[in-house]
Amino acid sequence: MKKAVKFKAYLVALITCIIGFQFSPASNQFYANPFYIGGFIFAIVLIVNVINYFCPKCKKNQVMQSATSYRLPTNKCYHCGEEIN
Ligand SMILES: [Zn+2]
């Protein structure tokens, strides 16, 4: 699977978990909620993906352009057009 597709799949999974968690019945054991656990795992996976998502040619991060500017990655580098897999 392409890296950009995988990244978006993780993002969708994380959003699904967050929404699922909002709609789950409130309980004292929220940490045992599968949506909570899933959200936690996907959040970590996404952060790791963001940090490691560099163009092999120009070394630009494909997700985080600056501390306040983010973008969804594509199969090509937004900066130099290099194919990223
Ligand atoms: Zn590049």
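What this report covers is the structure whose coordinates are included nearby. A quick note: this is a predicted structure, and the numbers were derived from the prediction, not measured. (Residues numbered from 1 in each chain as written. Predicted model: local features only at pLDDT ≥ 70, side-chain atom pairs only at ≥ 80, totals over all residues. Heavy atoms only, no water.)

1. What to know about the coordination of the zinc ion
(1) Moving on: Every protein donor of the zinc ion is accounted for by C55 (SG), C58 (SG), C77 (SG) and C80 (SG), and the metal-donor separations fall at 2.2 to 2.3 Å.
(2) Moving on: Classification of the site at the zinc ion rests on its 4 donor atoms, whose angles at the metal span 107 to 113°, yielding the label tetrahedral.
(3) Moving on: Every donor residue of the zinc ion comes from the same chain, spaced as C-x2-C-x18-C-x2-C.
(4) Moving on: Under the relative-accessibility criterion, C77 is labelled buried at 5%.
(5) Moving on: Residue classification places C80 among the partly exposed positions, given a relative accessible area of 33%. (Donors = N, O, S within 2.8 Å, 3.2 Å for Na, K, Ca; no water. Tetrahedral: all angles 85-135°; square planar, octahedral: opposite > 155°, others 65-115°. Buried < 20%, exposed > 50% of the residue type's maximum accessible area, 1.4 Å probe, protein only.)

2. Observations concerning the side chain of N33
(1) Moving on: Turning to its location among the elements, N33 is positioned in the loop between α1 (3-23) and α2 (34-52).
(2) Moving on: Among the polar contacts listed, one links the side chain of N33 to the side chain of S24, at a separation of 3.1 Å. (Helix = DSSP H or I, 4+ residues; strand = E, 2+ residues; numbered from the N terminus. Polar contact = N/O pair within 3.5 Å; in protein donor to acceptor, adjacent residues only side chain to side chain.)

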